[in-house]
Amino acid sequence: MKFFIPFRKKSPWILHYNAGSCNGCDIEILAALGPKFDLERFGVINTGNPKQSDIFLVTGPVTYRSRERLVELYSQIPEPKVVIAVGSCTTTGGVFRGMYNVEDGIDRYIPVDVYVPGCASTPQLIIDAIVKALDILEAKSKEIEKPFKLFGAIETIGNKLSRLNMAKKVELHEKN
Amino acid sequence: MIWVWIALAPILGGLVYGGERVLRARMQRRLGPPFLQPFYDMFKLLDKRTLIVHAPHALLAVAHFFALWFSVAAIFLGWNLLYIVFLHLIAQMLLILAGYSVRSAYSHLGANRELLMLVAYEPILILVAVGLYLVSGSFEITGMIQKGNYLAQLPLLFAALLMIVPIKVKKSPFDVGEAHQEIVGGVEIEYSGVFYEFLYMSRFLEYLFIYSFVFIFGGESVWLGAVLVAGVFLLVNLVDNATARVRTPQMIKIIYMAAMPLAVLNLVWILL
Ligand code: SF4
């Protein structure tokens, strides 16, 4: 409904996920949330729960181990949602580019709305990115957004979804 | 007139919650969110796509909210205090059932903690009701607030109540139930959109519920009640900003070793 759309901008709740980063950008995100930069003045809460979040803050170049979690978390965030890739290694692979155990950036797996440069990116840049993301969030519709790749096809036992079998498939995928 | 207040209870609680977030931010020397932030959150949650695990799970959140609203309404109407404590117990049971009804491990953990919190604060709430009865001679709230001077006769009981307020409003050092990101919200974890909103609003009602217990200690003087509520509100937030979280068994130990003897001692003193 039109009435509710302005409120998206006023209460963005964020989910922060570390997809194998060096922790530099995570600390900057925490600095942005802390008293000095005070992201909460925009109504931001760091929920840590995908089902109640609007903004997905990802750091890190996506190690093989974290791919499934990344896609899973992304698909659990209800629409409307935006994704922010924080740091050089999240956008392009950065210092990790070409390494044997990482993918180069998260946009191979999920659609990204805002890229933040810097290794590590500063809290000011992260705040700018969130403000930018709010405009995108406001313009978005409630269309279902899908990740580019899904791991392991849907597995069922009887007619129920089997997470275990799906997870086993991912492990197989990782070994090969 | 009273029905208007009852209908507005969640909004009233929302204002308290918004004020509290600003207050806590100011205590940490930052700007903090706008005063009306809880309502912005509510409107945003209404518009989010809702994911449901299964229907009873979602409905239990709604039932929890309305049961809690009913107990707050009973307080506003000045009903029997003991009755209100048990009404509130029903509301909590619904929430705990909701926590156990899904397969998420965090949800179970949250429900366990919620249950242990209930074990910690419920006896104190009942002792508070009994203490107030012993002094005023009535379990009805309307009767209670016609007598004065509870504070002079029940100082230790008030201290015990003071210790369980942080459990109820989920503040440090007793915030194990929600625990920020440690258990990702506990029982709230599987809720989203509209159904999460009911849990979010029931948090507002919890504020009204527990602070009205503090208010009753003011007795016939409304001003004393208001001063008490404001003082406890400030104190709880100060303690919240200054302390770390204790573990659940420690919390129960602290309540049973410190708050419970205080309350019982006070009752014995009244009876002798
Ligand atoms: S961008 Fe640099 S500082 Fe940030 S997580 Fe990647 S490697 Fe670490």
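Visitor: How would you explain the overall build of chain B if you had to name every residue and give the values?
Guide: Looking only at helices and strands, chain B has 12 helices and 0 strands in total. Listing every helix and strand of chain B by position from the N terminus yields α-α-α-α-α-α-α-α-α-α-α-α. Its C-alpha atoms give chain B principal-axis dimensions of about 60 × 40 × 40 Å. Expressed as a percentage of the 272 residues in chain B, the buried residues total 55%. The long-range fraction of contacts in chain B, counting pairs at least 24 apart against all pairs at least 6 apart in sequence, stands at 78%. Here chain B contributes 18 positively and 15 negatively charged side chains, and the mean placements of these two sets differ by 7 Å.

Visitor: Before we move on, can you summarise helix 2 (residues 9-27) of chain B with the specific residues and values?
Guide: Compared with an ideal rise of 1.5 Å per residue, which puts 19 residues at 27 Å, helix 2 of chain B spans 27 Å between its outermost C-alpha atoms and is within 8% of the ideal. Immediately beyond the C-terminal end of helix 2 of chain B, within one or two residues, lies arginine 29 of chain B, with a positive phi of roughly 60°.

Visitor: Describe the interface of chain B and chain A, naming the residues involved and giving the relevant values.
Guide: Each partner contributes to the interface: chain B provides 28 residues, whereas chain A provides 31 residues. Summed over the three residues of chain B that lose the most area to chain A, namely Lys44, Asp47 and Arg49 of chain B, the buried surface amounts to 26% of that side. Counting across the interface, chain B meets chain A through 8 salt bridges. With a shortest N-O distance of 2.8 Å, lysine 44 of chain B and aspartate 54 of chain A are connected by a salt bridge. Where chain B packs against chain A, one counts 19 residue pairs in polar contact (both at pLDDT 80 or more). Tallying contributions element by element places helix 3 (residues 37-47) of chain B first for the side of chain B that touches chain A, with 8 residues. Across the side of chain B that touches chain A, the residue classes break down as 14 nonpolar, 5 polar and 9 charged.

Visitor: Please provide a residue-by-residue account of the site of the ligand, values included.
Guide: Residues and elements named next belong to chain A. Taken together, Ser21, Cys22, Gly24, Cys25, Gly87, Ser88, Cys89, Val95, Phe96, Gly118, Cys119 and Ala120 make up all the residues around the ligand. Mapped by element, the contributors of at least two residues to the shell around the ligand are helix 2 (24-33) and helix 4 (88-91). In terms of residue class, the shell around the ligand is made up of 7 nonpolar, 5 polar and no charged.

Visitor: Quick one: what's the story with the sheet that holds strand 3 (residues 55-59) of chain A, residue by residue and with numbers?
Guide: Judged by pairing direction, the sheet is parallel, and its 5 strands sit side by side in the order 2-1-3-4-5 (chain A) without closing on themselves. What marks the edges here is a single partner per strand, and that holds for strand 2 (45-46) and strand 5 (114-116) of chain A.

Visitor: Break down the pairing of strand 3 of chain A for me, citing the residues and quoting the values.
Guide: Residue and element names in this part refer to chain A. Most of strand 3 sits out of view: 5 of its 5 residues are buried. Two strands pair when backbone bridges link them, and strand 1 (residues 13-18) and strand 3 are joined in this way by 5 bridges, in the parallel orientation. Each bridged residue has a counterpart across the sheet, and for isoleucine 14 the counterpart in strand 3 is isoleucine 55. Pairing of strand 3 with strand 4 (residues 82-86) involves 5 bridges; the strand directions are parallel. Note on strand 4: the bridge partner recorded for isoleucine 55 is valine 82. Tracing the backbone out of strand 3, into helix 3 (residues 67-76) and back to the parallel element strand 4 gives a crossover that is right-handed.

Visitor: Got a sec to walk through the side chain of glutamate 114 of chain B? Specific residues and values, please.
Guide: Note on placement: glutamate 114 of chain B falls in helix 6 (residues 105-136). In this structure glutamate 114 of chain B touches Gln92, Leu95, Ile96, Lys170 and Val187 of chain B, once residues within four positions along its chain are discounted.

Visitor: Can you explain the nonpolar core? Please cite residues and give values.
Guide: Core analysis: the biggest nonpolar cluster contains 81 residues, and Leu125, Leu132, Leu161, Ile167, Tyr211, Phe217 and Met251 of chain B have the highest contact counts within it. Element by element, the count of residues in this core is highest for helix 10 (residues 193-216) of chain B, at 16 residues. Once residues lying within four places of it in the same chain are set aside, the contact partners of phenylalanine 217 of chain B are Val128, Leu132, Tyr150, Leu151, Leu154, Leu157, Phe158, Leu161 and Leu228 of chain B. One finds Cys25, Val86, Ile126 and Ala133 of chain A within the second-largest nonpolar core, a separate group that totals 20 residues.

Visitor: Explain the pattern of salt bridges to me, using residue names and the numbers behind them.
Guide: Evaluated as defined, the whole model comprises 22 salt bridges over all chains. For aspartate 47 of chain B, the salt bridge identified is with arginine 8 of chain A, shortest N-O distance 3.3 Å. Linking aspartate 47 of chain B in helix 3 with arginine 8 of chain A in helix 1 (residues 5-10), this pair reaches from one chain into another. No difference in accessibility class separates aspartate 47 of chain B from arginine 8 of chain A, as the two residues are buried. A salt bridge links aspartate 104 of chain A to arginine 108 of chain A, with the nearest nitrogen and oxygen atoms 3.7 Å apart. In this structure aspartate 104 of chain A comes out as buried when scored by relative accessible area, which is 16%. Overlapping salt bridges, with partners in common, bring together Asp38 and Glu40 of chain A together with Arg21, Arg30 and Asp41 of chain B in one network.

What counts, and at which threshold
Residues numbered from 1 in each chain as written. Chains lettered and ligands numbered in written order. Predicted model: local features only at pLDDT ≥ 70, side-chain atom pairs only at ≥ 80, totals over all residues. Heavy atoms only, no water. Helix = DSSP H or I, 4+ residues; strand = E, 2+ residues; numbered from the N terminus. Buried < 20%, exposed > 50% of the residue type's maximum accessible area, 1.4 Å probe, protein only. Contact = heavy atoms within 4.5 Å. Lys, Arg positive; Asp, Glu negative; His and termini not counted. Charge placed at Lys NZ, Arg CZ, Asp CG, Glu CD. Expected span 1.5 Å × (residues − 1). Buried area = accessible area lost by both parts, 1.4 Å probe. Salt bridge = Lys/Arg side-chain N within 4 Å of Asp/Glu carboxyl O. Polar contact = N/O pair within 3.5 Å; in protein donor to acceptor, adjacent residues only side chain to side chain. Nonpolar A, V, L, I, M, F, W, Y, C, P; charged D, E, K, R; others polar. Near = heavy atom within 4 Å. Pairing = 2+ DSSP bridges. Right-handed = clockwise from strand over helix to strand, strands pointing away. Core = buried A, V, L, I, M, F, W, Y, C linked by side-chain atoms within 4.5 Å.

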